[in-house]
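Chains, contacts and geometry: an overview
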Amino acid sequence: MRIVLVGPPGAGKGTQAALLAERLAVPHISTGDLFRANISQGTPLGKQVRSILDEGGLVPDEITVAMAADRMAQPDAEDGFLLDGFPRNIGQAKALDGLLAEGGHKIDAVLDLEVPEEEVVRRIAGRRTCRKDSSHTFHLEYRKPRVEGVCDVCGGELYQREDDREETVRKRLAIYHAETEPIIDYYREQGLVSTIPALAPVPEVTRRALEALPHRG
Ligand code: AP5
Ligand code: ZN
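Every value quoted in this text rests on a predicted model; they were computed, and no experiment measured them. (Residues numbered from 1 in each chain as written. Chains lettered and ligands numbered in written order. Predicted model: local features only at pLDDT ≥ 70, side-chain atom pairs only at ≥ 80, totals over all residues. Heavy atoms only, no water.)

1. So, helix 8 (residues 202-212)
Cut-off, in case you're wondering: Each residue's exposure class comes from its accessible area (1.4 Å probe, protein chains only) as a fraction of the maximum for that residue type: buried when under 20%, exposed when over 50%, partly exposed otherwise. Here a strand is any run of E in DSSP of at least two residues, a helix any run of H or I of at least four, and the numbering for each starts at the N terminus. Throughout, the arc means that of the directions going from the helix axis to the C-beta atoms. The contact rule is simple, with two residues in contact once any of their heavy atoms fall within 4.5 Å.
All buried positions along helix 8 are accounted for by Val205, Thr206, Ala209 and Leu210. Along the axis of helix 8, the buried positions cluster into a sector of 135°, meaning they face one direction only. On its buried side, helix 8 packs onto helix 1 (13-24), strand 4 (109-114) and strand 8 (193-197).

2. Comments concerning unusual backbone geometry
The residue after Phe86, namely Pro87, is reached through a cis peptide bond having omega -5°. Tracing the chain through its elements places Pro87 in the loop between strand 3 (81-84) and helix 5 (90-102). Backbone geometry at Ala25 places phi at a positive 55°, although glycine is not the residue there.

3. A closer look at helix 4 (residues 61-72)
As a reminder, the rule being used: A helix is expected to span 1.5 Å multiplied by its residue count minus one.
Taking 1.5 Å per residue, twelve residues should reach 16 Å; helix 4 reaches 16 Å between its end C-alpha atoms and fits that length. For helix 4, the set of buried residues is Ile63, Thr64, Val65, Met67, Ala68, Arg71 and Met72. Each element contacted by the buried residues of helix 4 is listed here: strand 2 (28-30), helix 2 (31-41), helix 3 (44-55), strand 3 and helix 5.

Here it is, written out as structure tokens:
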């Protein structure tokens, strides 16, 4: 199954994507995690995008689409994947449709995580992210690590993302409304969107998301 997860920054996309990907046995592809891995490894791509991420802007489509296409072409993504943070505007959504069409494929479902803005701000303010792998995230209140400041999964140091500062979060939210929300209508016209009320404990949101997916077979 080829699934797109959409929702404002801090909605819980990464948290749900990791759980859903495991349940559905498809890779979790997060463009944010891919950019952050390039940044922490100091690759040329990482150097190119670092300041854009820190400031909460969007990386140009050309770079993002090429990186996502490369990841989706890996063997583990042949039969499906869960996209988290991509596409992020209409241009990327159309580019994705074009890429998939080349292989005779299409998006099967779009899950739109709906969370009130005050909650998004709370979730981001308390988020702590693993330096070794940014898909490992915790929360000071909602999902405490066993040892303070240390990732439960890999032992990496937990830190607050540069773009999680309040002012930058406001900018990311504005970009979300202006650039990303329109893709929900784009997919809605194709009958692909399920809205998932996501102001609930993590396992409950996972249950709702699984229930909303088209049944296979
Ligand atoms: P990206 O990493 O995609 O950031 P984002 O979309 O802003 O999403 P977040 O990672 O902030 O939040 P999330 O929804 O995954 O929430 P999480 O699960 O962590 O992108 C970062 C940057 O990369 C962009 O700004 C841009 O510069 C660049 N970029 C990426 N993709 C791009 C693209 N396609 N085009 C151009 N540029 C791109 O949860 C948040 C917190 O809440 C955590 O602490 C978690 O523990 C907690 N939590 C989660 N669920 C719950 C729950 N149900 N109850 C209580 N707490 C919860
Ligand atoms: Zn970790």
